[in-house]
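Working through the structure, step by step
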Amino acid sequence: MCEWELLASLCSPQKRKIPPPPLQAKGGRRREMASCAGAMAAVVLLVLVLVRGAEPIGLWLPPPSGGGRLGASAGSYLTQEERWMNQTLDHFSPTDHRQFKQRYYEFLDYYRAPKGPVFLYICGESSCNGIPSSYLAVMAKKFGAALVSPEHRYYGKSSPFVSLTTENLRFLSSKQALFDLAVFRQYYQETLNAKYNRSGSDSSWFVFGGSYAGALSAWFRLKFPHLTCGSHASSGVVLSVYNFTDFDKQIGESAGPECKAALQETTQLVDEQLQSGHSSVKQLFGASMLENDGDFLFLLADAAAIAFQYGNPDTVCSPLVEAKKNGTDLVETFARYVKEYYIRTFGASVASYDQQYLKNTTPTPAESSYRLWWYQVCSEVAYFQVAPKNDSVRSAKIDTRYHLDLCRNVFGEGVYPEVFMTNLYYGGTRIAGSKIIFANGSQDPWRHASKQKSSKELPSYLIECSNCGHCSDLSGCPQAPKNIEGDSSKCSSPEAVNRVRKQIVDHIDLWLSECQDQGHDNDPLLDSRWSVATY
């Protein structure tokens, strides 16, 4: 039993559901691993030391489906039945024939077989544990669509390598991920045709994604327009940003004058305590393990931002504003919020902010997202959430140097975000695609990396309400905890959400109809338009 099998026996309650070794040749021959006994001993030691049990949420990832009281319930997924396909490791090398097992999910309960469209939901920068019951489920029901969702390469159980060394991470990029989607589309179309005894049929496909996966959705339509009738980019961050100061500025704007002032004063007090050598402030936040002051301050910045990003502004603003009015200790008040909401309820991992932790090259599949996303940040997209020069909410110590030092410390020399080349390749907010829908929440700091200027071929919508944050069009309000079918009733303006949703559905309806007119699954039994339900 070599390295992968050992991990399977240690980390999975049902070993039979774990796929074969991550890398194998195209002929199916498994790649032999050298020094198996030594690898076994190392893996045992590392697994025993590092297992912490909580599924990651990362730096700007969706709420966890594991740890934290906001974790997903059974009804949060349409399906969690795992399926597998063989995926190419390197799409850009004709001589590298290695493959890995990629996990995906399929949901056919709403499918108007065999002529309905296929909705491809892209899983992004975290472990993919099923197809979520978001507003996408409502749309799939309207259009009679099959739902499929592949896991992003390297994340969760779809990693080509057990050891996530910097060398092994060189195949982790948005470009490789886009080709994964193209290969998956071909594979699943053939699977669907075989299931319904069709030969050569090509369904009408539509691609969906949120956040980084929203950017992938837009980029997929840009690079493979012949493979999808259109794309929906929910909070799609298509602009790579080196110094993302607009992120912090939006937090201040979303907080409002009173809460912003309280957050800024709290930050100043924490900075002063750290400068005075009072590291006991870290203990107050339950973060004594973060020896690097920058890591600790980044934790606090994320903790504040997450309340606005995911539609729960009152969780941080109400206690801080009240404390400031009453003269209560602001640092202690904020520490309670961080421990009780961000860590216990939301499920954040303090350890994930520790650069020493990020250097671990053999994390469990549930914890690997932290290192993986930082690699994508450090090598491709940046999104460095630095403090603006003036009027910052976060500490001024969270600057460009902090991020570059982290990248160098965690991944070594030579890993640097090629922001200019990324934007040159995809176009940034000047993306020259067509039939891509962008939607953003007004309180979401990530909207400033999305396309917010609308046009006929690239419609963009801003959902304006006091708790409309990241991916509100799919998730409803607040975005954590998850809302079944993306329920919008808890949004401060459900009408604003539902109005944008209707516009999204109208675009999908039109573009699927145009696909049908062009010969995709033309069926005389179907109306000229796809949608059948009223709004």
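Residues numbered from 1 in each chain as written. Predicted model: local features only at pLDDT ≥ 70, side-chain atom pairs only at ≥ 80, totals over all residues. Heavy atoms only, no water.

**What to know about the overall build of the protein chain**
Here is the rule we go by: Numbering of helices and strands runs from the N terminus, with a helix taken as a DSSP run of H or I at least four residues long and a strand as a DSSP run of E at least two residues long. Note on exposure labels: buried denotes an accessible area under 20% of the residue type's maximum, exposed denotes more than 50%, and partly exposed covers the range between, all computed with a 1.4 Å probe on protein chains only. The contact definition used throughout considers only heavy atoms, calling two residues in contact when any of these lie within 4.5 Å.
Looking only at helices and strands, the protein chain features 16 helices and 13 strands. Out of the 535 residues in the protein chain, the part that is buried amounts to 62%. Taking as baseline every contact in the protein chain between residues at least 6 positions apart, the subset at least 24 positions apart corresponds to 73%.

**Comments concerning the pattern of salt bridges**
What counts, and what does not: Any Lys or Arg side-chain nitrogen located within 4 Å of an Asp or Glu carboxyl oxygen qualifies as a salt bridge.
Overall, the coordinates contain 21 salt bridges when judged by the stated rule. Of the charged contacts, one joins lysine 435 and glutamate 514 as a salt bridge, the two residues approaching to 2.7 Å between their closest N and O atoms. Of this pair, lysine 435 sits in the loop between α14 (419-426) and β12 (436-441) while glutamate 514 is found in helix α16 (residues 494-517), placing the two residues 79 residues apart along the sequence. Assessed through its relative accessible area of 15%, lysine 435 is described here as buried. On the basis of relative accessibility, which here comes to 26%, the residue glutamate 514 falls in the partly exposed class. What emerges from the salt-bridge pattern is a single network uniting Glu82, Arg103, Glu151 and Lys157.

**With respect to the packing of helix α9 (residues 313-326) against helix α10 (residues 330-345)**
Just so we agree on the cut-off: Axis angles are defined between N-to-C directions and span 0 to 180 degrees, where every axis is a line fitted to C-alpha atoms and, for a helix, only to the segment in contact. An angle counts as roughly parallel when it lies under 35 degrees, as roughly antiparallel when it exceeds 145, as roughly perpendicular when it falls between 65 and 115, and as oblique in every other case. When the near helix sits turned anticlockwise from the far one by under a right angle, the crossing is termed left-handed; a clockwise turn instead gives a right-handed crossing. Gly is put with the polar residues, along with every residue not named as nonpolar or charged; the nonpolar set is Ala, Val, Leu, Ile, Met, Phe, Trp, Tyr, Cys and Pro, and the charged set is Asp, Glu, Lys and Arg.
Contact geometry for α9 and α10: axes closest at 9 Å, N-to-C directions at 160 degrees. Relative to α10, the element α9 is oriented roughly antiparallel. For the element pair α9 and α10, the recorded crossing hand is right-handed. Each of Thr315, Val316, Pro319, Leu320, Ala323 and Lys324 in α9 lies in contact with α10, whose residues at this interface are Leu330, Thr333, Phe334, Tyr337 and Tyr341. Considering only residue class, the contact of α9 with α10 consists of 8 nonpolar, 2 polar and 1 charged.

**Considering the packing of aromatic side chains**
This is how the line gets drawn: Put simply, two rings from Phe, Tyr or Trp (the six-membered ring, in Trp's case) pair if the centres are within 6.5 Å, and we call them stacked under 30 degrees between planes, edge-to-face over 60, tilted for the rest. Should the NZ of a Lys or the CZ of an Arg lie within 6 Å of a ring centre and within 35 degrees of the ring normal, that charge is described as sitting over the ring.
On inspection of all chains with the given rule, the structure shows 38 aromatic pairs. Between phenylalanine 107 and tyrosine 110 the ring centres are 5.2 Å apart and the planes differ by 75 degrees, which places this aromatic pair in the edge-to-face class. For the pair phenylalanine 107 and tyrosine 110, a shared accessibility class is recorded, and that class is buried. Aromatic ring contacts, followed pair by pair, group Phe285, Phe296, Tyr310, Phe334, Tyr337, Tyr341, Tyr342 and Phe346 into a single cluster. Positioned over the ring face of tyrosine 425 is lysine 175, at 4.8 Å from the centre of the ring.

**Focus on the state of the cysteines**
Covalently bonding the sulfur atom of one cysteine to the sulfur atom of another cysteine gives a disulfide. Worth spelling out the cut-off: The definition used for a disulfide is geometric: two cysteine sulfur atoms within 2.5 Å.
For the coordinates displayed, the defined rule picks out 6 disulfides. The disulfide partner of cysteine 123 is cysteine 128, and the gap between their sulfur atoms is 2.0 Å. One exposure class covers both cysteine 123 and cysteine 128, and it is buried. The disulfide bridge from cysteine 378 ends at cysteine 407, spanning 2.0 Å between sulfur atoms.

**Points about the side chain of serine 217**
Among the secondary structure elements, serine 217 is positioned in helix α5 (residues 212-223). Judged by its relative accessible area of 0%, serine 217 is buried. When residues no more than four places from it in sequence are discounted, the contact partners of serine 217 are Ile122, Val207, Phe208, Gly209, Ser231, His232 and Ala233.

**Quick word on a nonpolar patch on the surface**
Let me state the cut-off plainly: Patches were defined on residues exceeding 30% relative accessible area and lacking a salt bridge, with like-charge contacts within 9 Å and nonpolar side-chain contacts (Val, Leu, Ile, Met, Phe, Trp, Tyr) within 5 Å. Residue-level accessible areas treat just the shown protein chains as cover; the underlying method is Shrake-Rupley with a 1.4 Å probe.
Taken together, the side chains of Phe420, Met421 and Leu424 make up a nonpolar region of the molecular surface, amounting to roughly 360 Å² of accessible area. Looking at where leucine 424 falls in the secondary structure, it is placed in helix α14.

**Description of unusual backbone geometry**
Both trends apply: most residues other than glycine have a negative phi, and most peptide bonds are in trans. Between cysteine 477 and the following residue, proline 478, the backbone shows a cis peptide bond with an omega angle of -20 degrees. Within the secondary structure, proline 478 sits in the loop between α15 (472-475) and α16. The backbone of asparagine 197 sits at a positive phi, close to 55 degrees, despite the residue not being glycine. Mapped onto the secondary structure, asparagine 197 falls in the loop between α4 (174-195) and β8 (205-210). You will see that aspartate 391, though not glycine, has its phi angle at about 60 degrees, which is positive. Inspection of the secondary structure puts aspartate 391 in the loop between β11 (382-384) and α13 (400-411). Take aspartate 391: its relative accessible area is 52%, and that puts it in the exposed class.

**Here we look at the environment of glutamate 82**
With respect to the helices and strands, glutamate 82 occurs in the loop between β2 (77-79) and β3 (83-88). By relative accessible area, glutamate 82 is classed as partly exposed at 23%. Distance in space between the C-alpha atoms of glutamate 82 and glutamate 106 is 8.3 Å, their sequence separation being 24 residues.

**Remarks on the packing of helix α8 (residues 293-309) against α10**
Across the interface, α8 lies against α10 with an axial gap of 11 Å and an inter-helix angle of 70 degrees. One finds that α8 runs roughly perpendicular with respect to α10. Note that α8 runs across α10; the crossing there is left-handed. Between α8 and α10, the contacting residues are Leu299, Leu300, Asp302, Ala303, Ala304, Ile306 and Ala307 on the first element and Phe334, Tyr337, Val338, Tyr341 and Tyr342 on the second. For the contact of α8 with α10, the residue count by class is 11 nonpolar, no polar and 1 charged.

**Digging into helix α12 (residues 369-381)**
Convention followed: Any helix carries an expected span of 1.5 Å times its number of residues minus one.
The end-to-end C-alpha separation of α12 is 16 Å, well short of the 18 Å expected for 13 residues at 1.5 Å each. Within α12, 13 of the 13 residues are buried, which leaves the element mostly enclosed by the surrounding structure. Phi for alanine 382, located one or two positions after α12, is positive at around 65 degrees.

**A few points about the side chain of serine 395**
Cut-off, in case you're wondering: Whenever a nitrogen or oxygen atom comes within 3.5 Å of another N or O atom, the pair is scored as a polar contact, on the condition that within protein one atom can donate a hydrogen and the other can accept it, and that pairs from neighbouring residues in sequence are kept only if both atoms are in side chains.
Note on placement: serine 395 falls in the loop between β11 and α13. Side-chain polar atoms of serine 395 contact the side chain of aspartate 271, separated by 3.0 Å. In contact with serine 395, other than residues within four places in its own chain, are Thr267, Asp271, Leu297 and Ala387.

**Some points on the nonpolar core**
Applied cut-off: Nonpolar cores are built from buried Ala, Val, Leu, Ile, Met, Phe, Trp, Tyr and Cys residues. Side-chain atoms within 4.5 Å join them into one set.
Leu263, Phe285, Phe296 and Phe334 are the most contacted members of the largest nonpolar core, which totals 116 residues. A per-element tally of this core places α8 first, with 11 residues. Of all hydrophobic cores here, the second largest spans 39 residues; its members include Leu136, Phe206, Val505 and Cys515.

**What about α5?**
A turn of α-helix holds 3.6 residues, and therefore any two residues three or four places apart point the same way. End to end, α5 covers 16 Å across 12 residues, agreeing with the expected 16 Å (1.5 Å per residue, within 8%). Burial analysis of α5 places 11 of its 12 residues in the buried class, the great majority of the element. Burial in α5 covers these residues: Tyr212, Ala213, Gly214, Ala215, Leu216, Ser217, Ala218, Trp219, Phe220, Arg221 and Leu222. The elements touched by buried residues of α5 are α4, β8, β9 (231-234), α12, α14 and β12.

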